[in-house]
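What the coordinates show
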Amino acid sequence: VNARIAIVGTGFAGLGMAIRLKQAGIDDFVILERAAEPGGTWRDNTYPGCACDVPSHLYSFSFAPNPDWSRTYSPQPEIREYLRRTAERFDVNRHVRWNHDLLDATWDDEAQTWELLTSQGPLIVQFLIMGTGGLSNPSVPEIPGIERFEGTMFHTASWDHDHVLDGERVAIIGTGASAIQVIPQIQPTVAHLDVYQRTPPWVMPHTDRRVTRVERALFRRLPFTQRIVRAIVYGLREIYAVGFTKRPAIMRGAARVAKSNIDRHVSDPALRATLTPRFEFGCKRVLLSDTYYPALAQPNVEVVTTGIREITAGAIVTADGVAHPVDTIILATGFKVVDNPANALLNGREGRNLAKDLLDGKGAYLGTTAHGYPNLFMLTGPNTGLGHSSMVFMIESQIAYIVDGLRRLDRVGARTVEVREDVQVAFNGELQRRMARTVWSTGCASWYLDADGRNFTLWPGFTWEYRRRTRQFDVSSYDVSPAREGVVRGDVSSAHR
Ligand code: N01
């Protein structure tokens, strides 16, 4: 065994996990990171305008507040820098094996270990903690002819900063959270911009503003003031959970505000109609922007709603046969969430594969463990996503649960831990029953849903309920076994890096 624990990823999940393990006195872990620096999705997404749509004071670790956020909604470079600094401050970088891409993870029931294959060789560990995130693998649409395109093409998650868009004919495919941030940034300098919209999103006015010097000084000198702001922001965001998960009808008022956001910025009635969503407010992620609609109303922009038939060497051809010439195509087409490739890497007991099990609707338990996968913990696993608040809150809940679990297992001398099948089945039954009442089940197509329309992405309730349920590791929900004969407990202490 090379290390007791392997954590995969250095985004909020992986870094937070590593920091909390160290603070709990558990030092025998390695972190596998496929890139050469930390930050996860906040390292990879560098497109112009990239920022967080969850308020800064909440979108940060509770144990590492940052009094220096420059805006109430942080721009991506600041979040990336925050993660880099936090990794340094808590001294976790020395655990990281950079440029180690996890290629396969297989549970060995005899040895009671995970056998990992990375791009730089094998590794054997007792526990595997996946911090690979839901928004880590870009989704590239399968449009006929896409490989024949001779211009420039890139995804928002791998922006080509060497390529100058000024004066070009540019097409952007998609109108999700990434697209609405990019479009206002590039519209003023491109010659022409075609925006390929399949479904218009609900876009609310933004409340982003600069954080004043006085506020920052206050947060620095009296840290409790920032904690109070964080608590208020947290509480206000939870109100959305009522609309999203219990009574979608109460969101009608918010939908009216979003509609007036269109009317305020777009005078052309045809364009207004094109941009008006026809699904329940909240069914897809609600977006925030004061600059998106004004950009779409500019004369060099066309919103194209006819479906894409194919891509040729120099154009996008829509279903009506019209060829739209283009120099650069930007894919703002989101991420592989329900089909996250990280799940396919995980092979549990008796030939199980997590991607297949999730496809079969087996779900997980508390988004953290799964039956058939001993000693595996997932961060941001199934049904931990949110439509209304900070993923960092969910991640910290999971981290506390895992640290508590590891401590308890140590106390009873356990070697393996696996959630009971009946517990997982009951948990998923409850979740899916609750899910039926949420706004995400009101009929829109979204990346929250799998091919069968089931939602294994989001948490259908208040985040405090999730925090409560993960506060203590409920050993009784698990099968726990000691080391098999021949497997010496303690043989894991020889961590080598
Ligand atoms: O991706 P998306 P995203 N042909 O999946 C369209 C987080 N995030 O990168 O709606 C044509 O939301 C697709 O159309 P439709 C946040 O959690 C946060 O924008 O499926 N169009 C949609 O319009 C967010 O939710 C922040 O009909 C195609 C778009 O592409 C998540 O990341 C910023 C298509 C994809 O939208 C993902 O956001 C950015 C096709 N074949 C991201 N395939 C902030 O914090 C897809 N589309 C602000």
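Here we summarise the structure given alongside this text.

Cut-off values and rules
- Residues numbered from 1 in each chain as written.
- Predicted model: local features only at pLDDT ≥ 70, side-chain atom pairs only at ≥ 80, totals over all residues.
- Heavy atoms only, no water.
- Helix = DSSP H or I, 4+ residues; strand = E, 2+ residues; numbered from the N terminus.
- Rg over C-alpha atoms; globule rule 2.2 N^0.38 Å.
- Contact = heavy atoms within 4.5 Å.
- Areas by Shrake-Rupley, 256 points an atom, 1.4 Å probe, with all protein chains shown as cover.
- Buried < 20%, exposed > 50% of the residue type's maximum accessible area, 1.4 Å probe, protein only.
- Disulfide = S-S within 2.5 Å.
- Pairing = 2+ DSSP bridges.
- Axes fitted to C-alpha atoms, helices over the stretch in contact; angles between N-to-C directions.
- Near = heavy atom within 4 Å.
- Polar contact = N/O pair within 3.5 Å; in protein donor to acceptor, adjacent residues only side chain to side chain.
- Nonpolar A, V, L, I, M, F, W, Y, C, P; charged D, E, K, R; others polar.
- Phe/Tyr/Trp six-rings, centres within 6.5 Å; stacked < 30°, edge-to-face > 60°.
- Lys NZ or Arg CZ within 6 Å of the ring centre and 35° of its normal.
- Salt bridge = Lys/Arg side-chain N within 4 Å of Asp/Glu carboxyl O.
- Parallel < 35°, antiparallel > 145°, perpendicular 65-115°, else oblique.

A tally of regular secondary structure across the protein gives 14 helices and 20 strands. The globule rule puts the C-alpha radius of gyration for 497 residues at 23 Å, and the 23 Å found for the protein is close to it. Projecting the C-alpha coordinates of the protein onto the three principal axes gives extents of approximately 75 × 55 × 45 Å. Taking as baseline every contact in the protein between residues at least 6 positions apart, the subset at least 24 positions apart corresponds to 74%. Looking at the protein as shown, the accessible area adds up to about 20800 Å², and 52% of this sits on carbon and sulfur atoms.

Let's shift gears to unusual backbone geometry. The backbone phi angle of E350 is positive, close to 50°, even though this residue is not glycine. Within the element layout of this structure, E350 appears in the loop between β17 (346-347) and α11 (354-359). Judged by relative accessible area, which is 68%, E350 ranks as exposed. Here the phi dihedral of N375 falls at roughly 60°; this positive angle occurs in a residue that is not glycine. On the secondary structure map, N375 appears in the loop between α11 and β18 (376-378).

Another point: the state of the cysteines. Under the definition given, this model contains 1 disulfide. The disulfide partner of C283 is C444, and the S-S distance across this bridge is 2.1 Å. Taking the sign of the S-S torsion, about -95° here, the bridge from C283 to C444 comes out left-handed. With C283 in the loop between α8 (269-275) and β11 (287-288) and C444 in the loop between α13 (421-435) and α14 (463-469), this residue pair connects regions lying 161 residues apart in the sequence. Residues C283 and C444 agree in their burial class; the two are buried.

It is worth spelling out the sheet that holds strand β13 (residues 308-311) at this point. Taken in spatial order, the 3 strands of this open sheet run β13-β14-β15, and their pairing is antiparallel. With partners counted over all chains shown, the strands left at the sheet margins are β13 and β15 (323-325), one partner each. Here the strands of the sheet are splayed against their neighbours by 25° on average, with no regard to which way each runs. Bridge analysis of strand β14 (residues 315-318) against β15 gives 3 bridges, and the strand direction is antiparallel. By the bridge assignment, A315 is partnered in β15 with P325.

Right, let's talk about the site of the ligand for a bit. Taken together, 22 residues lie around the ligand, and T175, A177, S178, Q181 and T199 are the ones closest in. Measuring from an oxygen atom of the ligand, one finds a backbone N or O atom of A51 at 3.3 Å. The side chain of S178 places a nitrogen or oxygen atom 2.6 Å from an oxygen atom of the ligand. Considering the ligand on its own, with 910 Å² of exposed area, one finds that the protein chains cover 83% of that surface. Looking at which element gives the most residues to the shell around the ligand, the answer is helix α4 (residues 177-186), with 3 residues. Each residue belonging to the shell around the ligand can be placed in one class, and the counts come to 10 nonpolar, 8 polar and 4 charged.

What follows concerns the packing of aromatic side chains. Counted according to the given criterion, the structure contains 25 aromatic pairs. Consider the rings of W447 and Y448, whose centres lie 4.7 Å apart with planes at 70°: the pair is edge-to-face. Residue W447 is classed as partly exposed on the basis of its relative accessible area, which comes to 41%. An aromatic cluster of at least three residues, connected via ring pairs, comprises F12, W42, Y59, F61, F63, W69, Y82 and F90. Over the ring of F279 we find K284, and its NZ or CZ is 6.0 Å from the ring centre. Here R434 stacks its cationic end above the ring of W459, 5.8 Å away from the centre of that ring.

Here the focus is the pattern of salt bridges. Tallied over the full model, the rule gives 30 salt bridges. In this structure, D452 and R454 form a salt bridge, with 3.1 Å as the shortest nitrogen-oxygen distance. Three or more residues joined by partner-sharing salt bridges are found here, namely K22, D27, D91 and R94.

Strand order in the open sheet made by the 5 strands is β7-β16-β8-β9-β12, with parallel pairing throughout. Bordering the open sheet on either side are β7 (152-155) and β12 (301-304), each of which pairs with just one other strand. The mean angle between the axes of side-by-side strands here comes to 15°, regardless of whether they run parallel or antiparallel. Bridge count for strand β9 (residues 192-196) against β12 is 4 bridges, and the pairing is parallel. When the bridges of β12 are listed, L193 appears paired with V301. Contacts between α4 and the sheet are confined to β8 (169-173), β9 and β16 (328-331), with β8 contributing the most and set at about 165° to the helix.

Turning next to the packing of helix α5 (residues 213-221) against helix α6 (residues 223-245). The interhelical angle for the contact between α5 and α6, taken along N-to-C directions, is 110°, at an axis separation of 4 Å. Between α5 and α6, the angle falls in the class roughly perpendicular. Packed against α5, whose contacting residues are L218, F219, R220 and R221, the element α6 presents P223, T225, Q226 and V229 at the interface. For the contact of α5 with α6, the per-class residue count stands at 4 nonpolar, 2 polar and 2 charged.

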